[in-house]
Protein chains: 2
Amino acid sequence: MGVEVYLFDEVPKGSITKNALGGKGYGLVEMTQLDLPVPLGIVVTTRMCNDFFKNDKRIWPELKAAILKKVETLEKRVGKKFDDMDNPLLVSVRSGSPLSMPGMMDTVLNLGINDKITEALAKKTRDQRFAYDTYRRFIQLFGKIVMGIDGAKFDKILEQVKEEHGAKTDIEVKADGWKEVVKRYKALVKKEAGKDFPQDPIEQLLMAVGAVFNSWWNPRAAAYRKIYKIPDSLGTAVNIMMMVYGNFDDRSGTGVAFTRNPSTGEKELYGEFLMRAQGEDVVAGIRTPLPLNKLKGQLPEAYKELARIMGILEKHFRDMQDIEFTIEGGKLYMLQTRTGKRTAAAAVKIAIDMENEGMIKRQEAVLRVEPDQLQRLLYKQIDPKAKMTPIAKGLQASPGAAVGKVMFTVEEVQQAKEKGEKVILVRPETTPEDIAGIAASDGVLTSRGGMTSHAAVVTRGMGKPCIVGAEGISVSVEKRMFNVDGKQIRKGDTITIDGGSGLVYTGEMPLVEHGINAQVATILKWADGYRRLGVRANADTPTMAAKARENGATGIGLDRTERMFNAPERLALVQKMILADSMGERQKYLDLLKPHQKGDFVGIFKVMEGLPVTIRLLDMPLHEFLPKMEEILPQVVELRLAGKNKEDLREKERVLKRVMELREQNPMMGQRGVRLALVHAEIYRMQVSAIFEAAAELMRKGEKAPEIEIMISQVEGAEELRKAREIVEEEASKVMKAQGVKLNYKVGTMIETPRAALTGAEIAKYADFFSFGTNDLTQATFAFSRDDVEAKFIPFYIENKVLDSNPFETLDWNGVGRLVMMCAAEGKKANPKLKVGICGEHGGDPKSIEFFNTTELDYVSCSPYRVPVAKLAAAQAELRKSHAGSSSV
Amino acid sequence: MGVEVYLFDEVPKGSITKNALGGKGYGLVEMTQLDLPVPLGIVVTTRMCNDFFKNDKRIWPELKAAILKKVETLEKRVGKKFDDMDNPLLVSVRSGSPLSMPGMMDTVLNLGINDKITEALAKKTRDQRFAYDTYRRFIQLFGKIVMGIDGAKFDKILEQVKEEHGAKTDIEVKADGWKEVVKRYKALVKKEAGKDFPQDPIEQLLMAVGAVFNSWWNPRAAAYRKIYKIPDSLGTAVNIMMMVYGNFDDRSGTGVAFTRNPSTGEKELYGEFLMRAQGEDVVAGIRTPLPLNKLKGQLPEAYKELARIMGILEKHFRDMQDIEFTIEGGKLYMLQTRTGKRTAAAAVKIAIDMENEGMIKRQEAVLRVEPDQLQRLLYKQIDPKAKMTPIAKGLQASPGAAVGKVMFTVEEVQQAKEKGEKVILVRPETTPEDIAGIAASDGVLTSRGGMTSHAAVVTRGMGKPCIVGAEGISVSVEKRMFNVDGKQIRKGDTITIDGGSGLVYTGEMPLVEHGINAQVATILKWADGYRRLGVRANADTPTMAAKARENGATGIGLDRTERMFNAPERLALVQKMILADSMGERQKYLDLLKPHQKGDFVGIFKVMEGLPVTIRLLDMPLHEFLPKMEEILPQVVELRLAGKNKEDLREKERVLKRVMELREQNPMMGQRGVRLALVHAEIYRMQVSAIFEAAAELMRKGEKAPEIEIMISQVEGAEELRKAREIVEEEASKVMKAQGVKLNYKVGTMIETPRAALTGAEIAKYADFFSFGTNDLTQATFAFSRDDVEAKFIPFYIENKVLDSNPFETLDWNGVGRLVMMCAAEGKKANPKLKVGICGEHGGDPKSIEFFNTTELDYVSCSPYRVPVAKLAAAQAELRKSHAGSSSV
């Protein structure tokens with residue numbers, strides 16, 4: 001446990017890790033050891049930071065001695081010396097933690113300067129103004145960061161001097177101005193710190209090192225680590241590096257560069273630079289930097305050297321690098337290198353190109369593209385270059401951006417579409433009656449509802465942009481307008497919505513689109529080679545099924561049959577069925593509904609050409625097909641008061657009565673799914689009959705026999721499934737016999753109540769498959785009603801760190817995940833033939849897929865539009881899992 | 001694996017078990033081996049029944065041989081012979097399974113009779129009518145049971161003959177009539193069975209034995225076993241016993257008796273008998289039996305012998321016996337003995353008396369009283385002797401019976417009470433505004449709502465009879481009447497409700513009441529000596545707390561503070577608090593509420609005198625304190641249409657707006673408990689402040705310091721509790737400092753979401769105690785909204801065997817129980833100081849208590865009125881657990 005202080009070129013091999021050296025130090029040391037031109041420097045490891053805190057926040061004698069010894073060597077090697085009038089050594093002292101924490105910790109530049117050296121510098125550069133400006137900057141930074149003096153006091157002095165010297169900006173301040181500032185700064189330091197500003201560079205250095213260590217625990221750094229879950233134990237390294245000056249002369253400059261174009265992925269040097277400037281000038285944006293290729297004309301040697309080095313760096317680090325450089329008097333110095341951030345399109349292109357170039361393995365290429373990046377490529381989005389302030393924010397119900405005229409009713413949308421206009425449907429919330437309007441629109445915006453509200457579910461299914469629960473807007477359909485922040489948006493006004501961010505803008509924002517291009521297709525094909533999990537799609541219509549296949553789904557994991565009841569032309573029949581006074585009457589309407597359902601299944605089976613289709617029988621409680629109480633009740637009151645139109649009143653009263661009868665306090669935990677099925681078996685029988693008749697029809701026509709999987713929902717225990725299975729098998733046998741066909745089919749269940757998950761071993765006896773309904777399972781496990789909590793207090797919970805993330809988006813590993821693991825394992829143990837999948841929305845979420853890949857799951861099922869993302873995420877999860885087991889990737 | 005056929009006095013010791021001999025056989029053999037006068041008989045063991053089914057339902061040769069051999073011995077020993085004209089042997093052939101299955105299997109009497117023996121019998125008894133009646137009964141029973149002939153055909157013949165002979169009843173049929181019946185019966189048998197009625201007694205016997213075996217699998221017996229979970233593998237024994245005749249002469253008779261009074265428990269011979277009659281005559285009720293003590297006068301010798309024998313039996317079986325006897329020609333025969341059923345009061349008295357008499361150990365006495373019996377003793381009930389048909393049935397929301405006049409509004413109830421009348425409040429459902437009416441009434445009946453509806457929860461707390469969800473009745477408050485089955489019950493009509501059975505009666509039914517008398521107190525004191533689990537009470541008011549202590553609770557396990565908001569004089573403040581537009585306004589109303597809350601706590605702490613009090617901070621969602629949408633919406637519509645009273649409209653619209661804002665789709669899984677607390681900390685702070693100020697006030701007055709346990713509800717994970725605990729601790733410290741007191745207190749959490757149960761190890765780090773809220777935990781685990789499912793489909797589920805029992809009454813061991821076990825164990829492992837209890841309604845359910853006693857739980861908490869039951873059940877659970885481990889009890 002010795003002291004760890006190294007010159008960049010002396011770090012022992014075993015210590016060249018980001019953990020020991022921090023990100024910045026690691027890059028500098030690697031470059032140094034590659035014989036690249038890095039200003040010589042010293043790195044103090046992160047372990048020293050931890051020891052510093054163990055030593056009561058003191059630089060203990062051994063550490064001090066080691067630093068001084070390395071400084072001596074540094075001085076000798078660079079031929080400069082601290083406090084030397086002829087060749088003074090100035091250094092930067094920078095923090096650098098193993099994980100990037102941008103701007104969180106402190107940096108001191110120009111250390112080594114003092115009264116004497118300032119004069120020497122002025123003489124050497126023949127620029128008094130530069131020398132004193134540099135000095136005053138150092139005092140200001142050092143005073144604030146190292147000596148803890150209130151920065152505002154320095155600012156105040158600066159303002160006073162500027163006023164006294166008649167300077168409006170810093171640039172107008174002349175040498176004597178800066179001299180005056182230095183004088184007053186030193187006086188301030190003396191007053192505040194009770195001692196003179198330190199003139200000894202070594203004293204400055206040791207104080208600065210201590211300050212950088214201390215900055216590991218400054219409040220903003222500590223808070224940042226908490227948010228991003230960076231362990232407090234990592235610590236920061238300290239990098240002490242000889243200063244080089246991009247503002248030294250006309251053959252000096254500074255810049256940032258990428259080894260490939262981070263926007264397009266093109267293989268080209270990309271970046272920008274400023275002549276006669278320091279790094280902070282590039283960032284500050286006061287002067288406009290030039291594109292990197294202009295450097296070729298100005299300093300061809302330096303440019304050539306930069307290009308050569310960037311080639312070396314990319315090859316060495318095997319990824320696109322983001323570097324900082326400075327040229328001092330024509331000589332190039334490398335100040336930083338790190339893996340560069342890139343756009344989604346660039347990520348894909350770079351991964352493929354590097355694999356083609358033989359730089360990385362195919363597995364690595366697959367791991368290089370973030371699933372979320374891929375997702376962004378698949379939807380229209382607002383051009384990232386466009387800058388506009390949104391007027392409202394809601395929930396990201398369905399991704400993609402859309403521009404259109406605001407319309408408030410189905411009719412308006414349809415009329416506008418007939419004229420070829422783009423339309424955004426805006427409603428307080430949507431109901432099944434709005435389906436035609438949603439279908440015709442280019443996007444949907446609602447002021448109410450959560451991620452499982454009608455609008456959200458329907459649009460996700462259609463792959464149409466949608467924002468729900470935008471609580472800042474107040475919609476009046478009657479007045480054909482919505483209010484937001486006192487502003488009124490009326491029918492016909494144009495807005496832009498971005499379902500990916502949940503943001504609403506007025507006017508037309510420029511959109512960009514990528515789609516599955518050849519490159520995305522390549523990455524997905526490669527991903528397929530490493531994936532263990534199957535990826536199916538949730539699809540309720542032939543259109544969605546077609547989209548699922550187009551996006552590469554290996555089957556349908558969830559075909560919700562509610563849609564088949566909700567379609568506008570059928571809803572009336574469904575309502576009559578529910579209002580029926582007798583079993584006979586109910587059967588009549590079921591018989592009328594059956595051909596519709598059969599048609600739906602014929603369509604889906606045809607598209608899927610023999611791939612598995614998991615059909616979930618009716619899950620919704622019956623009252624959801626009836627009007628809402630708050631709609632029908634005022635109508636009845638009005639009709640009663642009006643006292644005429646008795647017949648209408650009687651009918652409305654009948655509907656209201658049934659609405660009240662069927663009404664549930666907590667419909668999410670009411671008479672749904674199997675609970676409905678066992679009491680009203682006739683509905684399930686009709687559905688099963690439609691499914692098998694559809695299959696028979698296709699087979700008679702010589703089409704492929706569908707692979708039918710019938711799924712029962714809301715099961716809480718084995719006996720429910722046994723009974724429901726009986727109903728399905730009876731009806732299936734009857735139809736197959738009548739139709740003269742023989743079909744293999746499966747019967748399984750959703751696992752979406754905690755009790756089902758807890759009794760999986762029993763349930764598995766009657767199930768051919770389990771499909772985790774993680775939406776409902778999450779609801780019940782947390783006792784969170786998604787519609788109620790998602791807009792209301794989940795954002796509050798995330799903001800206040802009660803939750804890490806929205807459990808409806810990313811599976812909760814500890815609670816819901818524990819149930820999933822237990823149930824999958826116990827189910828498979830009890831029934832080794834059991835297939836296990838998941839069809840909640842988590843099926844399309846990469847972090848959740850990572851979890852599912854570690855369990856016994858066989859497949860995930862997600863929105864057709866998420867299939868590519870899920871496939872990539874599944875491949876990555878498997879690659880990471882194998883990687884954890886071996887080091888072959 | 002030999003053949004097991006024994007004479008009653010030859011059964012080997014090891015086979016004298018109910019399992020081998022069945023209940024009836026066991027009693028007969030035991031009595032025989034005690035040298036008591038039992039007609040000699042043969043028992044064929046239950047194993048033979050199982051072998052019979054393995055042998056293709058045939059009496060195999062070895063079994064036949066064994067039976068014949070034993071019959072031969074029997075004949076010799078009783079001096080009668082099959083088919084003997086002088087001394088014919090007649091026998092009964094009876095089934096008898098190890099567990100009582102009353103009336104499910106078959107019995108044949110008078111076997112051995114035939115044409116010849118009938119004549120002999122007529123001659124011997126000088127009673128042709130008796131002989132032929134006996135013969136025709138035998139043919140009828142044997143024909144139906146053994147030969148499988150449709151019983152209706154025998155009945156038809158009987159009717160025909162009666163008509164031809166001008167007899168209206170069987171009694172009027174003379175000897176020649178019965179002769180004619182016998183003739184036609186025999187002809188019927190020949191026609192239906194294709195052979196003559198068997199005349200050979202041995203043939204009859206073997207056929208009867210086979211028939212008794214077969215009856216084990218008759219549909220009603222199989223169904224019975226399924227319902228009562230009796231294993232199919234038990235089988236039935238067959239008892240072949242010499243017939244004795246209570247109708248033989250004037251010194252003959254038959255009766256049933258108990259060794260103690262089964263109604264009161266008094267130590268006295270109790271029973272009834274009929275002279276010159278057979279057993280079936282006593283049961284048939286055509287002649288009125290005489291009380292047993294009359295036998296003393298009629299047949300003093302027989303009576304004395306009976307008394308002696310009953311003494312022996314009770315001592316031998318160490319419990320009150322229920323016996324059947326027959327006296328033939330002055331000689332007493334014992335035909336059956338078994339442990340007698342008894343009333344609740346008798347059960348308690350007998351247990352205590354037998355312990356005092358040294359007949360049983362104290363542990364056994366405690367085990368002898370069923371907790372449900374004890375419960376019945378604690379409430380008024382309808383006199384079990386009263387017979388009336390109920391007019392409706394609802395859910396058993398709160399036990400006890402009440403008689404009263406029907407009233408529909410709070411005012412009516414209060415006015416009637418002022419006149420000293422008994423009142424039943426009848427409403428569609430109740431709301432907090434009805435509290436005063438509920439409090440004043442003698443009982444409550446609602447047509448809607450489940451076991452956790454407002455009426456149910458409030459009345460259970462008050463110990464007041466209540467039936468909810470009586471869906472058969474339709475209440476019109478407007479018309480002051482309710483309809484049931486076309487009948488109208490109006491205001492002022494008297495009804496009786498029995499909350500224990502859920503039944504509603506018209507008119508006044510006689511009620512009986514027991515209460516905790518000295519005997520119940522004795523049993524409870526004894527029980528306390530064996531109990532491991534603590535028993536606390538759920539109590540929200542000083543009155544309930546007093547009841548809890550009166551009933552022996554060791555603390556309050558759940559003090560729901562909702563009541564403190566709901567009290568009529570406070571609800572207005574609470575509503576204003578919720579409707580407040582600003583934080584300042586809200587705080588104003590909270591400040592006004594605080595003195596009320598403080599007063600409540602002072603009252604409860606005072607009553608509890610230093611015993612622990614677990615206070616659950618506000619759990620209910622805010623909207624539950626506001627009017628319901630279906631109330632306020634029509635008012636707004638009406639006011640709008642009326643167009644006047646603008647101010648009223650404005651205020652109502654404001655309320656409606658807030659109602660709509662706060663409205664939740666699934667309030668049970670919405671913003672409640674800790675979710676409310678973290679967003680609106682001011683409410684929790686007010687409550688905590690009130691609690692500690694109350695404690696300080698008491699301490700200043702020299703009262704005992706309360707043991708405060710503050711409980712946070714609806715927690716889904718550790719971070720919620722950590723944050724809520726912070727709020728509690730901050731506020732508690734503040735108040736204690738201001739008041740200058742120091743109190744130890746605990747902070748803990750309800751475990752009522754599945755996720756909390758799954759992450760107990762984490763949560764335990766911030767909890768001093770866990771209290772399982774099994775009501776909500778059951779709801780979430782099943783995804784059953786209790787209000788919606790309990791009346792709607794749980795009854796259907798139980799009837800159709802999807803569920804064994806209502807999981808809201810008896811804890812579901814497999815699902816919810818698994819969570820409880822996991823969480824209690826993991827919580828205690830993570831925090832060994834953790835106390836773990838349960839405060840759901842299962843805390844008062846004996847079967848659930850049995851489960852809790854096997855887990856790591858420290859205490860249960862239940863309604864104050866259930867405390868005695870819970871204490872008894874807890875003692876029994878522990879005794880049975882130790883018993884399972886050893887055989888000392």
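These notes cover the structure that comes with them. None of the values given here were measured: they were computed from a predicted structure.

### Here's the deal with the overall build of chain A
Thinking step 1. For chain A, the count of helices and strands is 36 helices and 31 strands.
Thinking step 2. Here the C-alpha coordinates of chain A stretch approximately 105 × 65 × 55 Å along the principal axes.
Thinking step 3. Within chain A, residue pairs in contact and separated by at least 24 positions form 68% of the contacts whose partners lie at least 6 positions apart.
Thinking step 4. Element-wise, carbon and sulfur atoms account for 50% of the exposed surface of chain A, whose accessible area totals about 36300 Å².
Thinking step 5. If you average the places of the 130 positive and of the 121 negative side-chain charges in chain A, the two averages end up 2 Å apart.

### Here we look at the nonpolar core
As a rule of thumb, nonpolar side chains are buried together in soluble globular proteins.
Thinking step 1. By size, the foremost hydrophobic cluster in this structure holds 228 residues, and its most contacted members are Ile712 of chain A together with Ile712 of chain B.
Thinking step 2. The contact partners of Ile712 of chain B, leaving out residues within four places of it in the chain, are Leu617, Val674, Tyr684, Leu721, Ala724, Val728, Val747, Gly748, Thr749 and Met750 of chain B.

### Digging into the relation of the copies chain B and chain A
Thinking step 1. Rotating chain B by 179 degrees and moving it 0.0 Å along the rotation axis overlays it on chain A with an RMSD of 0.3 Å. Read as a symmetry element, the transformation amounts to a two-fold axis. The C-alpha atom lying nearest the rotation axis in chain B is that of Asn666 of chain B; the distance is 2.2 Å.
Thinking step 2. Counting the interface residues of chain B, we find that 100% of their copies in chain A are interface residues as well, pointing to one common contact surface.

### A word on helix H6 (residues 151-164) of chain A
Residue and element names in this part refer to chain A.
Thinking step 1. Over its 14 residues, H6 runs 20 Å from end to end, which matches the ideal 20 Å to within 8%, given 1.5 Å per residue.
Thinking step 2. For H6, every residue scored as buried is listed here: Gly151, Phe154, Ile157, Leu158, Val161 and Lys162. For H6, the arc enclosing every buried residue in end-on projection is 135 degrees, short of the 170-degree limit, so these residues lie on one face. In H6, the exposed positions angled more than 90 degrees off the buried face are occupied by Lys156 and Glu163.
Thinking step 3. Lining the buried residues of H6 we find helix H5 (128-145) and helix H7 (175-193).
Thinking step 4. Where H6 begins, the capping side chain belongs to Asp150, and its oxygen is found 3.1 Å from the backbone nitrogen of Ala152.
Thinking step 5. Gly166 sits one or two positions beyond H6 and adopts a positive phi of about 65 degrees.

### Observations regarding the interface of chain B and chain A
Thinking step 1. With 57 residues of chain B in contact, the opposing surface of chain A contributes 57 residues.
Thinking step 2. Here chain B and chain A share an interface that buries about 5100 Å² over both sides, 61% of which is from carbon and sulfur atoms.
Thinking step 3. Our enumeration of links across chain B and chain A arrives at six salt bridges.
Thinking step 4. At the junction of chain B with chain A, the criterion picks out 28 residue pairs in polar contact (both at pLDDT 80 or more).

### Quick look at helix H23 (residues 583-608) of chain B
All names here are of chain B.
Thinking step 1. Taking 1.5 Å as the rise per residue, H23 with 26 residues should run 38 Å; its terminal C-alpha atoms sit 36 Å apart, in good agreement.
Thinking step 2. For H23, the principal kink sits at Leu593 and spans about 30 degrees; a proline, Pro595, occurs within the next four residues.
Thinking step 3. Downstream of H23 by one or two residues, Glu609 has phi in the positive range, about 40 degrees.

### Brief notes about the sheet that holds strand E2 (residues 41-44) of chain A
Residues and elements named next belong to chain A.
Thinking step 1. One open sheet holds the five strands; their spatial order is E1-E2-E5-E3-E4, and the pairing between them is antiparallel. Strand pairing shows two members of the sheet lacking a second neighbour, strand E1 (5-7) and strand E4 (107-111), which therefore form its edges. Averaged over all adjacent pairs, the angle separating strand axes in this sheet is 15 degrees, with direction ignored.
Thinking step 2. Judged from the four bridges that link them, E2 and strand E5 (residues 237-242) form a sheet pairing that is antiparallel. Looking across to E5, one finds that Val43 is bridged to Asn239.
Thinking step 3. Strands E1, E2 and E5 of the sheet are contacted by helix H3 (residues 61-78), whose axis makes an angle of about 5 degrees with E1.

### Examining the pairing of strand E15 (residues 423-427) of chain B
All names here are of chain B.
Thinking step 1. When you tally the buried positions in E15, you get five out of five residues, the bulk of the element.
Thinking step 2. Along E15, one buried face is formed by Val423, Leu425 and Arg427 and the opposite face, lined by Ile424 and Val426, is buried too.
Thinking step 3. In this fold, the crossover linking strand E14 (residues 401-407) to E15 by way of helix H16 (residues 410-418) has right-handed handedness.
Thinking step 4. One ladder, built from four bridges, connects E15 with strand E16 (residues 443-446); its direction is parallel. Bridged to Arg427 within E16 is Thr446.

### What about the packing of helix H3 (residues 61-78) of chain B against helix H8 (residues 201-215) of chain B?
All names here are of chain B.
Thinking step 1. Where H3 meets H8, the axes come as close as 11 Å, and the angle between the chain directions of the two elements is 125 degrees. In terms of axis orientation, H3 runs oblique to H8. Between H3 and H8 the crossing geometry is right-handed. Between H3 and H8, the contacting residues are Leu63, Lys64, Ile67, Leu68 and Val71 on the first element and Ile202, Leu205, Leu206, Val209 and Phe213 on the second.
Thinking step 2. Residues of the contact of H3 with H8, tallied by class, amount to nine nonpolar, no polar and one charged.

### Comments concerning the sheet that holds strand E31 (residues 859-862) of chain A
Residue and element names in this part refer to chain A.
Thinking step 1. Around the barrel, eight strands lie side by side as E24-E25-E26-E27-E28-E29-E30-E31; this closed barrel has parallel pairing. Taking each pair of neighbouring strands and ignoring which way they run, the sheet shows an average axis angle of 25 degrees.
Thinking step 2. Alignment of strand E24 (residues 534-538) against strand E25 (residues 556-560), held across two bridges, turns out to be parallel. Opposite Asn538, over in E25, you have Leu558 as the bridge partner.

Scoring rules and cut-offs
Residues numbered from 1 in each chain as written. Chains lettered and ligands numbered in written order. Predicted model: local features only at pLDDT ≥ 70, side-chain atom pairs only at ≥ 80, totals over all residues. Heavy atoms only, no water. Helix = DSSP H or I, 4+ residues; strand = E, 2+ residues; numbered from the N terminus. Contact = heavy atoms within 4.5 Å. Areas by Shrake-Rupley, 256 points an atom, 1.4 Å probe, with all protein chains shown as cover. Lys, Arg positive; Asp, Glu negative; His and termini not counted. Charge placed at Lys NZ, Arg CZ, Asp CG, Glu CD. Core = buried A, V, L, I, M, F, W, Y, C linked by side-chain atoms within 4.5 Å. Buried < 20%, exposed > 50% of the residue type's maximum accessible area, 1.4 Å probe, protein only. Least-squares fit on C-alpha atoms with pLDDT ≥ 70 in both. Expected span 1.5 Å × (residues − 1). Arc of directions from axis to C-beta. Polar contact = N/O pair within 3.5 Å; in protein donor to acceptor, adjacent residues only side chain to side chain. Buried area = accessible area lost by both parts, 1.4 Å probe. Salt bridge = Lys/Arg side-chain N within 4 Å of Asp/Glu carboxyl O. Bend = angle between axes of the 7 residues up to and from the residue. Pairing = 2+ DSSP bridges. Axes fitted to C-alpha atoms, helices over the stretch in contact; angles between N-to-C directions. Right-handed = clockwise from strand over helix to strand, strands pointing away. Parallel < 35°, antiparallel > 145°, perpendicular 65-115°, else oblique. Left-handed = near helix turned anticlockwise from the far one by under 90°. Nonpolar A, V, L, I, M, F, W, Y, C, P; charged D, E, K, R; others polar.

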